[in-house]
Amino acid sequence: MKIEFRENGPISLETGGRYLLRRDGQEEVIEKPRVSLCRCGGSAKKPFCDGTHKINGFVAPAAVLEIDENPLTVGQ
Ligand code: FES
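Since this is a predicted model, take the numbers as computed values, not measurements.

K.L.:
I keep staring at the overall build of the protein chain and nothing clicks. Help me out?
P.N.:
A tally of helices and strands in the protein chain yields zero helices and six strands. Beginning at the N terminus, the succession of helices and strands in the protein chain can be written as β-β-β-β-β-β. Taken against the 2.2 N^0.38 rule, which gives 11 Å for 76 residues, the C-alpha radius of gyration of the protein chain at 15 Å runs more than 25% over that of a compact globule. In terms of overall dimensions, the protein chain has a C-alpha envelope of 50 × 35 × 20 Å along the principal axes.

Below is the structure:
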């Protein structure tokens, strides 16, 4: 799994084509290859980014995490 922290912006995830959203006791399957999650705290559509980071002065560095689907083993 690849997780991108956009410079001054959201957390972007590759979904593999779709994802399950659980919220307020409801489940919804959303078909999108990518999802952007708010990390500035300003979105009116949390957990999703709505672009508010562009006007609220949010500043944060870019970074990328790549997580191996296979768990790491210690001592090999
Ligand atoms: S990161 Fe985009 S609205 Fe918060």
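K.L.:
Teacher, can you tell me more about the environment of lysine 46 here?
P.N.:
Along the chain, lysine 46 turns up in the loop between strand E5 (34-37) and strand E6 (63-66). With 12 C-beta atoms counted inside 10 Å, the residue lysine 46 sits in the exposed group. For lysine 46 and glutamate 28, which are 18 residues apart along the polypeptide, the C-alpha to C-alpha distance reads 15 Å.

K.L.:
When you look at the sheet that holds strand E1 (residues 2-5) in this model, what are you seeing that I'm missing?
P.N.:
In a beta sheet, neighbouring strands are held together by backbone hydrogen bonds and run either parallel or antiparallel to one another. Ordered in space as E5-E2-E1-E6, the four strands form an open sheet in which the pairing is antiparallel. A strand with exactly one partner marks an edge of an open sheet, and here the two such strands are E5 and E6. The mean inter-strand angle of the sheet, taken between neighbouring strand axes irrespective of direction, is 20 degrees. Here E1 runs beside strand E2 (residues 11-14); their pairing, made up of three bridges, is antiparallel. Considered in E2, the bridge of isoleucine 3 is made with leucine 13.

K.L.:
How should the environment of proline 61 be read in this particular structure?
P.N.:
Inspection of the secondary structure puts proline 61 in the loop between E5 and E6. When the 8 C-beta atoms within 10 Å are taken as the criterion, proline 61 is described as exposed. On a C-alpha basis, the gap between proline 61 and asparagine 8 in space is 6.4 Å, while along the polypeptide they are 53 residues apart.

K.L.:
Sorry if this is basic, but what is going on with the confidence of the model for the protein chain here?
P.N.:
Caution is warranted with low-pLDDT regions, since their predicted coordinates should not be read in detail. For the protein chain, per-residue confidence averages 92 on the pLDDT scale, and 96% of positions sit at 70 or higher. For the protein chain, the element scoring lowest by mean pLDDT is strand E3 (residues 19-23), at 92; E5 scores highest, at 96.

K.L.:
For this particular structure, what's the right way to read unusual backbone geometry?
P.N.:
Backbone phi values are negative for most residues with the exception of glycine, while trans is the configuration of most peptide bonds. Put simply, lysine 46 and proline 47 share a cis peptide bond, and its omega is 15 degrees. With respect to the helices and strands, the residue proline 47 is situated in the loop between E5 and E6. One non-glycine residue, asparagine 8, lies in the positive phi region at around 55 degrees. On the secondary structure map, asparagine 8 appears in the loop between E1 and E2. What makes asparagine 8 partly exposed here is the crowd of 14 C-beta atoms within 10 Å. Residues other than glycine seldom take positive phi values, yet aspartate 24 does so here, at roughly 55 degrees. Note on placement: aspartate 24 falls in the loop between E3 and strand E4 (26-30).

Definitions and cut-offs
- Residues numbered from 1 in each chain as written.
- Predicted model: local features only at pLDDT ≥ 70, side-chain atom pairs only at ≥ 80, totals over all residues.
- Helix = DSSP H or I, 4+ residues; strand = E, 2+ residues; numbered from the N terminus.
- Rg over C-alpha atoms; globule rule 2.2 N^0.38 Å.
- Buried ≥ 20, exposed ≤ 12 C-beta atoms within 10 Å, placed from the backbone.
- Pairing = 2+ DSSP bridges.
- Axes fitted to C-alpha atoms, helices over the stretch in contact; angles between N-to-C directions.
- pLDDT = per-residue confidence, 0-100.

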